[in-house]
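Each chain, written out:
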Amino acid sequence: MATDKINRPTGYGMTAEVKKKMDSKYDDQSEQNARLWMEDVTGTLLCNPPDDIQTADQLNEWRYNNPLGKDGMCLALSDGRYLCMLMNTISEGAIPKFNETLKEKDAFRKRENIERFIDAGIKILNCKKLDLFQVVDLFEKTNPGQVINGIYAVARKVGYIVI
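Everything quoted here is computed from the prediction, not taken from an experiment. (Residues numbered from 1 in each chain as written. Predicted model: local features only at pLDDT ≥ 70, side-chain atom pairs only at ≥ 80, totals over all residues. Heavy atoms only, no water.)

Bringing helix α2 (residues 28-42) into the picture now. Spanning 15 residues, α2 covers 21 Å between terminal C-alpha atoms, matching the ideal 21 Å at 1.5 Å per step. Residues of α2 that are buried: Glu 31, Gln 32, Asn 33, Ala 34, Arg 35, Leu 36, Trp 37, Met 38, Glu 39 and Thr 42. Elements in contact with the buried residues of α2: α3 (56-65), α4 (69-77), α5 (81-90) and α8 (144-157). Gly 43 occupies a position one or two residues after α2 and carries a positive phi of about 75°. (Helix = DSSP H or I, 4+ residues; strand = E, 2+ residues; numbered from the N terminus. Expected span 1.5 Å × (residues − 1). Buried < 20%, exposed > 50% of the residue type's maximum accessible area, 1.4 Å probe, protein only. Contact = heavy atoms within 4.5 Å.)

A few words now on the packing of α2 against α8. At a closest axis distance of 10 Å, the pairing of α2 and α8 adopts a crossing angle of 45°. Taken as axis vectors, α2 and α8 run oblique relative to one another. Like other packed secondary-structure pairs, α2 and α8 cross with a definite hand, here left-handed. Touching Gln 29, Ser 30, Glu 31, Asn 33, Ala 34, Trp 37 and Met 38 of α2 are Ile 148, Ile 151, Tyr 152, Val 154 and Ala 155, all from α8. Taken together, the residues that form the contact of α2 with α8 break down as 8 nonpolar, 3 polar and 1 charged. (Axes fitted to C-alpha atoms, helices over the stretch in contact; angles between N-to-C directions. Parallel < 35°, antiparallel > 145°, perpendicular 65-115°, else oblique. Left-handed = near helix turned anticlockwise from the far one by under 90°. Nonpolar A, V, L, I, M, F, W, Y, C, P; charged D, E, K, R; others polar.)

Even without being a glycine, Asn 126 presents a positive backbone phi close to 60°. Among the secondary structure elements, Asn 126 is positioned in the loop between α6 (107-123) and α7 (135-139). On the basis of relative accessibility, which here comes to 54%, the residue Asn 126 falls in the exposed class. With a phi angle near 55°, Lys 141 is a residue other than glycine that sits in the positive phi range. With respect to the element layout, Lys 141 can be found in the loop between α7 and α8.

The next point concerns the environment of Arg 81. Mapped onto the elements of the fold, Arg 81 is located in helix α5. The class of Arg 81 is partly exposed, set by a relative accessible area of 31%. Spatially, the C-alpha atom of Arg 81 lies 9.2 Å from that of Leu 102, the residues being 21 residues apart in sequence. Apart from the residues within four sequence positions on either side, Arg 81 is in contact with Phe 98, Asn 99, Glu 100, Thr 101, Leu 102 and Asn 113. A polar contact is formed between the side chain of Arg 81 and the side chain of Asp 79, at a distance of 2.7 Å. (Polar contact = N/O pair within 3.5 Å; in protein donor to acceptor, adjacent residues only side chain to side chain.)

Further remarks concern the pattern of salt bridges. Overall, the coordinates contain 7 salt bridges when judged by the stated rule. Here Glu 112 and Arg 116 are joined by a salt bridge, their closest N and O atoms 3.7 Å apart. Here Arg 116 and Glu 112 lie together in helix α6, a separation of 4 residues that amounts to about one turn. What makes Glu 112 partly exposed here is its relative accessible area of 25%. Overlapping salt bridges, with partners in common, bring together Arg 35, Glu 39, Asp 40 and Arg 63 in one network. (Salt bridge = Lys/Arg side-chain N within 4 Å of Asp/Glu carboxyl O.)

Right under this line is the structure:
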C-alpha cells in the first residue's frame, strides 16, 4: 500500500543526533520573515487566518505574530503549488506548467511541483543547488531549516535582503 510519506524509524545514536542538530537549526523568526516575504510577493496568504479576524490591522498583527512552526510551514508548502506560484510571480513563465489540482494521494505530482520550483531556482535565478533544498527536505519534513534557507536564497537572487 502506497503512502504519501515513507515510514521510517525515528532513529537512535548518530541518526538521532543528526536529526536533533538539523531541528535545532530551524528558527521561527527566519520562518516568519520568509513567510511574510512570500506572501508580500505573491499577494496570497500561505494559510487561512482565524475566522475572528475582521480588519486589515488584525490580519497584519496575526501575520506578524504567529509563526507557523516547522510542521505548519512544511504542510503549507508540501504540495509545491505555492512555491510554483511564487516562482511564476518572481519570473513570469518560469514554471509554465505545474500540477494545480491535486488530490490527497498525489504524492508524485506534489513532489514534481517542488522539483520544478528547485529547477527554476537553479536555471532561471541562478541559485546554487546547495543553497536551495532537496524535495525530501520539504515533502517528508526531514530538514525544514534548509527549506527556509532555500527560500532565503531565492529572495536574495531577486534583490530582497531578508534579515
